[in-house]
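Examination of the molecular architecture
The primary structure of each chain is shown beneath.
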Amino acid sequence: MNDYLKVLALSSAISVLTPAVLAHAGSAVQLVDAKQRTIAFAAPARRIVSLQPSFTEAICALGGCDTLVGVDRFSTWPQQVTLLPQVGSLRDPDIERIVALKPDVVLARPGHKVDERLESLGIKVLTLNAQTYEDMARELEVLATLLGRPGAGTRLWQQMHERLAVLRSEMPRQWQGKKVYFELHSGMAAAGEASFIGQTLHGLGLVNIAGRDLPMYPKLGPEYVVRANPDVIITMADMPVPPPKRQGWSSIAALRNQGYCRIPNAEFDALVRPGPRIDEAARRIVQCLRQLPLP
């Protein structure tokens, strides 16, 4: 395992020891959510509504798919969750349908006021907001404890890290240290180095043109990308390459040398969701780089 992944593994192991799980005595549990609220449960959750695809994926990866009684419209993995009742999304939750499902808890992200509306109706809401690997490690253990499986989140995270280490060793040597631009939302944002996507890129040995001095998801103007001159561009398959109306982009090394990864939309989901498929995301990047002309 390279030094970078060793540090991540250590920091992640430490992070799950922070007070995200306040207590677990018998079947009762107390958790601290992303809004630093203490949420108490008399018993593990048996009826869960998830309002975020990454939460849905994490619950299933932890063996709790059978506890899901409703999901948001964007939850598509694993395939079986597409058969569950859909309850809108964080932006337009179907409150009436959520209440009708009688959940023990609803999983949501902070900042959408869904929790206030549901809690006024007597429904518990656990807010989660993973932005980095360290957050993801902590979140997995919180969800494992919610399911009555303490320790399962930490074990899953360790397994993911082991797979990431193997993938790093499979990176084509010629791509080590090369510059990457990871585009989101047709150029409305990029994945910065500080984000979990950026951590995956860094862990594979790539150099992100959106460095740690920038926000996690900065909007980079066309001129910035031209100056940075990335060797590879990673984007969704429906993004035309070269993108139209971006002056100077024909001079970028990635476009001159056909160094771009256009990931099919369904597979791109794994790259941009802070959940248990980050090793799958890394594998998809490695596979693409192997197929590109040498830089």
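Use the structure listed above.
So, a few notes on the structure that sits alongside this text. Predicted model, so just to flag it, every value in this text is computed and none were measured. (Residues numbered from 1 in each chain as written. Predicted model: local features only at pLDDT ≥ 70, side-chain atom pairs only at ≥ 80, totals over all residues. Heavy atoms only, no water.)

So, about the packing of helix α5 (residues 133-146) against helix α7 (residues 196-203). Running from amino to carboxyl end, α5 crosses α7 at an angle of 115 degrees, the nearest separation of the two axes being 8 Å. By the angle class used here, α5 and α7 are roughly perpendicular. Where α5 approaches α7, its residues Tyr133, Glu134 and Met136 are matched on the opposing element by Phe196, Gln199 and Thr200. In terms of residue class, the contact of α5 with α7 is made up of three nonpolar, two polar and one charged. (Axes fitted to C-alpha atoms, helices over the stretch in contact; angles between N-to-C directions. Helix = DSSP H or I, 4+ residues; strand = E, 2+ residues; numbered from the N terminus. Parallel < 35°, antiparallel > 145°, perpendicular 65-115°, else oblique. Contact = heavy atoms within 4.5 Å. Nonpolar A, V, L, I, M, F, W, Y, C, P; charged D, E, K, R; others polar.)

Turning next to the state of the cysteines. Counted according to the given criterion, the structure contains two disulfides. A sulfur-sulfur distance of 1.9 Å marks the disulfide that ties Cys60 to Cys65. Since a negative S-S torsion denotes a left-handed disulfide, the Cys60-Cys65 link at about 75 degrees is right-handed. The same class applies to Cys60 and to Cys65, which are both buried. Here Cys261 is linked by a disulfide to Cys288, with a sulfur-sulfur distance of 2.0 Å. Between Cys261 and Cys288, the S-S dihedral sits near -110 degrees, and the bridge is therefore left-handed. Of the two residues, Cys261 is situated in strand β12 (residues 260-263) and Cys288 in helix α11 (residues 278-291); the sequence distance between them amounts to 27 residues. We classify Cys288 as buried; its relative accessible area is 7%. Here the cysteine-cysteine linkages of the protein are recorded as 1-2, 3-4, numbering only bonded cysteines and doing so in sequence order. (Disulfide = S-S within 2.5 Å. Buried < 20%, exposed > 50% of the residue type's maximum accessible area, 1.4 Å probe, protein only.)

Once that is clear, we can look at α11. Along an α-helix, residues three or four apart share an orientation, since each turn contains 3.6 residues. With 14 residues, α11 should reach 20 Å at 1.5 Å per residue; the first-to-last C-alpha distance of 20 Å fits that figure. Among the residues making up α11, those that are buried are Ile278, Asp279, Ala281, Ala282, Arg284, Ile285, Val286, Cys288 and Leu289. Each element contacted by the buried residues of α11 is listed here: α5, α6 (152-169), α7, β11 (232-236), β12 and α10 (265-272). (Expected span 1.5 Å × (residues − 1).)

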